[in-house]
Structure formats: structure tokens, C-alpha cells
Amino acid sequence: MRIFSPELYGDAVSNTLIHYALRKIVQGKPVKLLIDPSVRRDYLYVDDAARYVLELASMESAYGGDWHLRGTGQISQAELFDFTSPVVQAAPRFEPIGGWQRRLLQLYEPKVKGMLDRYEKRWDALGTYGKGYGGVSISYQEGIASTVKRMLAKYKVQSFNSKSSEMRSLKMKKSKEAVGVTGSENTEGMSVRGGAIDVDRNAQVIVDLSIEIEASQETVWGIQTGIEQWPTWQKDIAQVRLSGPIAIGSTFRWETHGLQIVSTILEVDPMNRIVWGGPAHGIEGVHVWSITPTPKGVLVHTTESWDGPPVAADPDGMSAALEASLSAWLAALKTAAESLQLTSGDK
């Protein structure tokens, strides 16, 4: 038999836009909308979906046919997310995203375009596949409440009442002070470990790579932090403009794969470590670089986290894209640094 299902939701279903949105809500962060939240469609609680599949598998008459599983009726995402409010004690916040985000999705994973097109349609194509089964499942209100409660425990996030909001603000202020950040810099999507900024360890995608380079620490640091010179040794970067010195709070605008990105420098430890990040095309990224001396030169270690609707739509595809990009960056850095070291004769 073939079984078709509407979009599933539940704590165990992490590779969906619904899960991404619920996780942002329980963390007190705004949800970046990838689709029209007013469109009504069917959703199915994962526990009920599993029960329906087992029931069909136990029915001899079900074999040889096509079945589509039914939820409890059509509902909009806006209505669905309203059910989170009593549990987290705060109304969900939404932010729309524009055409650049979709371009990014199509660049890294073309199949996502078809998924988005299907999401935008205001009819339920699922009904065209075989016979319906189910329809007697947990209510959306109960299903969302159960999912959010489990996610709150999983991500260790307290209910978002006014008192906890004040505590988060105080902790954020202390984190900024720990790394010397002042003013209105946005530190969402990253964490502080031992006085240093780390990537978002709860992000959908985290890539961690290293490479050994036979060049001095000064040479590698100079090339890596010569931001406006990146296009001279990285073929994937078209142009870069740095606004200010290599210091916390400085920003740089750069273009890669035809996409415009604005990054903010979040931490600088000269010769040893640099961190930048910020939202770009629906992706919340944090990028950490470290340079450690070795007997032959240096070990360059890079870790980057990606989160956001484009990542939630296809974590595997985005992870592969990020890994390929960072591998190419490290290889290019090695070539540039070792060539400069050889030319300069600086041993």
C-alpha cells in the first residue's frame, strides 16, 4: 500500500516548518514566516499518524491501495500557533521574509521551490490520492499544547511571563559585558562560553572543520582578517566592503553566490580568534574562527551554525551546502597563506 500524510507535527518531528516555528516560540524568539500564515490546510499529530499506519498495516483489505491520512480538519498556521500562548504565556511574534530568502533556497536546494509552491496553493491536493483514513485524532489545541510542553522541557526554557523576560534581558546584558559588547548589538542566535562567543548550539545545522596550514600565525591572521581582500583569493566572493576597523561592532557587506550579506564582528582576539554573524536571507548564522600555532605552522578551526526557515525546510541540503562552502574557504585560505609564506620567505 501507499500512504500519504499531511504535514506532521509533534516534538519528535523536527524536519518541518511547524517544528521550526514552535521551537522559536518556546525560546521567545520571533518566527520568520516562509508561507502565508492565513492559508488553511490539514495537519496531523505524529502520534495519531503512527497509530493510523499501524491500523492500516493490520488490515488485509488495505493492501494494494492508496490511502491518505486525515487530521482533525483544516486550520491556518496563525490559528495553530495561537494555541501556544496559554502554555508559554506569551503571544507568538512573526516576521515576514522576502524574495532573497527564496532565492537562497533555490540556490542551495532547488526541490524546495516545489515545496513552497505546494504550500502556497489554497486547495488540498492530498484528497486526490486514494481513500481517506483517520480523522479521529487529538485536537489541534491538545496536540500543540502537548508538543510545546515537551519542547519547553527539551530546550530548558521557562514560561515567558514578565519576570522571565526581565531575567533574560539581564543575562543578555551580562553576556555582552563579558565580551566587551555594548549598545544595541543583536546577540540572538549565539551563546557565551567562558567569556567567548560560541555558535548557536541549538541550531538546525552546525558544521565544524579544521585544516593545517604551513604558514605563520601572523600570515594566516592577516589574510583572514583582510576582509576587503577576500575576493582576491576566494572565487566565490564577488565583493566586500568593511565599515570600520577589525573590531567588535564593525560590519561588512559582502556578496557570495550572487547573494548580498551583512555580517557584524562579534568578537576579536588578535592573532587567535574572530567571530562574526547576523541574520541573512532568513538564515541566522554565527561563524567562529580560531588560529592555533603548531610545530609546522597553524591549525585553523572554523565552526558555523545556521538556523531559520530555509534551514528548517531542508537541514540536510543546507548542511551539505555549508560544509562545501567552508571546505572551499579553508582550502583557499591554505593556498593563499602558504603561497604568501613561500614568496615572502618568512619562516
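Refer to the structure above for everything that follows.
Participant: Got a minute to help me understand the sheet that holds strand 2 (residues 7-9) in this structure?
Facilitator: Strand pairing within a sheet occurs via backbone hydrogen bonds; the two strands may be parallel or antiparallel. Taken together, the 3 strands give an open sheet; going across it, the order is 2-4-6, and neighbouring strands pair in mixed fashion. Each of the sheet's edge strands pairs with one partner strand only, and the pair in question is strand 2 and strand 6 (74-76). Along the sheet, successive strands turn relative to each other by an average axial angle of 60°, direction set aside. With 3 bridges joining them, strand 4 (residues 40-45) and strand 6 adopt antiparallel strand pairing. Pairing of Asp42 across the sheet is with Gln74, part of strand 6. Helix 7 (residues 140-154) rests against strand 2, strand 4 and strand 6 of the sheet, and its axis sits at about 60° to strand 4.

Participant: Before we go on, may I ask you to explain the sheet that holds strand 1 (residues 2-4) in this structure?
Facilitator: Spatial strand order, 1-5-8: 3 strands in an open sheet with parallel pairing. Single-partner strands in this sheet number two, and they are strand 1 and strand 8 (131-134). If you compare each strand with its neighbour and ignore which way they point, the axes differ by 35° on average. As judged from the 4 bridges shared by strand 5 (residues 66-70) and strand 8, these two strands associate in the parallel manner. Across the sheet, the residue bridging to Leu69 is Tyr133, located in strand 8. Against the sheet, helix 2 (residues 46-57) makes contact with strand 1, strand 5 and strand 8, and its axis sits at roughly 150° relative to strand 5, the strand it touches most.

Participant: What is the right way to look at the pairing of strand 4 in this model?
Facilitator: In the case of a regular strand, side chains alternate between the two sheet surfaces. Strand 4 sits mainly inside the fold: 5 of its 6 residues count as buried. Where strand 2 and strand 4 come together, 3 bridges link them in parallel fashion. Each bridged residue has a counterpart across the sheet, and for Leu8 the counterpart in strand 4 is Leu44.

Parameters and conventions
Counting of residues starts from 1 at the beginning of each chain's written sequence and follows it residue by residue. Local features in this predicted model are restricted to residues whose pLDDT is 70 or higher, and side-chain atom pairs enter the listing and the counts only when it is 80 or higher, whereas totals over whole chains, interfaces and linings include all residues. Side-chain numbers here rest on the full set of heavy atoms in the structure, without hydrogens or water. Here, strands pair whenever DSSP counts at least two bridges between them. Labels follow the DSSP assignment, with helices taken as runs of H or I lasting at least four residues and strands as runs of E lasting at least two, numbered in each case from the N terminus. Axis definition: a line fit to C-alpha positions, over the contact stretch in the case of helices; interaxial angles, taken between N-to-C directions, run 0 to 180 degrees. Contacts: residue pairs with any heavy atoms within 4.5 Å of one another. Exposure is judged per residue with a 1.4 Å probe applied to protein chains only, and the accessible area is read against the type maximum: over 50% gives exposed, under 20% gives buried, and values in between give partly exposed.

In short, shape yes, function no, at least from these values alone.
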